[in-house]
Amino acid sequence: MTVVVLCVIAVLLCVVSMAFSFGMKRPKINEYTLDQPWENGPTLFSATEIEPMALSRHFEPGDVEGGSASGKW
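Because the structure is predicted, anything quoted here is derived from the model rather than measured.

Chemist: Can you lay out a nonpolar patch on the surface for me, pointing to particular residues and giving the numbers?
Modeler: Together, Met 1, Val 5, Leu 6, Ile 9 and Leu 13 line one region of the surface with nonpolar side chains, adding up to about 560 Å² of accessible area. If you trace the backbone, Ile 9 turns up in helix α1 (residues 2-20). A relative accessible area of 45% means that Ile 9 is categorised as partly exposed.

Chemist: Could you give an account of the packing of aromatic side chains, naming the residues involved and the relevant values?
Modeler: Considering all chains together, one arrives at 1 aromatic pair under this definition. For the ring pair Tyr 32 and Trp 38, a centre distance of 4.9 Å and an interplane angle of 80° mean the geometry is edge-to-face. Judged by its relative accessible area of 40%, Tyr 32 falls in the partly exposed class. The exposed category is assigned to Trp 38, whose relative accessible area is 52%.

Reading the values: rules and limits
- Residues numbered from 1 in each chain as written.
- Predicted model: local features only at pLDDT ≥ 70, side-chain atom pairs only at ≥ 80, totals over all residues.
- Heavy atoms only, no water.
- Patch = residues over 30% accessible without salt bridge, like charges linked within 9 Å, V, L, I, M, F, W, Y side chains within 5 Å.
- Areas by Shrake-Rupley, 256 points an atom, 1.4 Å probe, with all protein chains shown as cover.
- Salt bridge = Lys/Arg side-chain N within 4 Å of Asp/Glu carboxyl O.
- Helix = DSSP H or I, 4+ residues; strand = E, 2+ residues; numbered from the N terminus.
- Buried < 20%, exposed > 50% of the residue type's maximum accessible area, 1.4 Å probe, protein only.
- Phe/Tyr/Trp six-rings, centres within 6.5 Å; stacked < 30°, edge-to-face > 60°.

Here it is, written out as structure tokens:
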């Protein structure tokens, strides 16, 4: 019963928040097209900050991370 009451309260809070935010004006986002010059700097993401993937306990020296492909190109 407690879970049902908490869910009903959460739904009511969501409905009330949507009702009050209905008339809000949000800033328009300008779309970038390829004919416009790019004025922003490059966005660089580094994979070196991510911790390595933990392999399963049944890992053997012949196993590799990820998959493999074979066939003629």
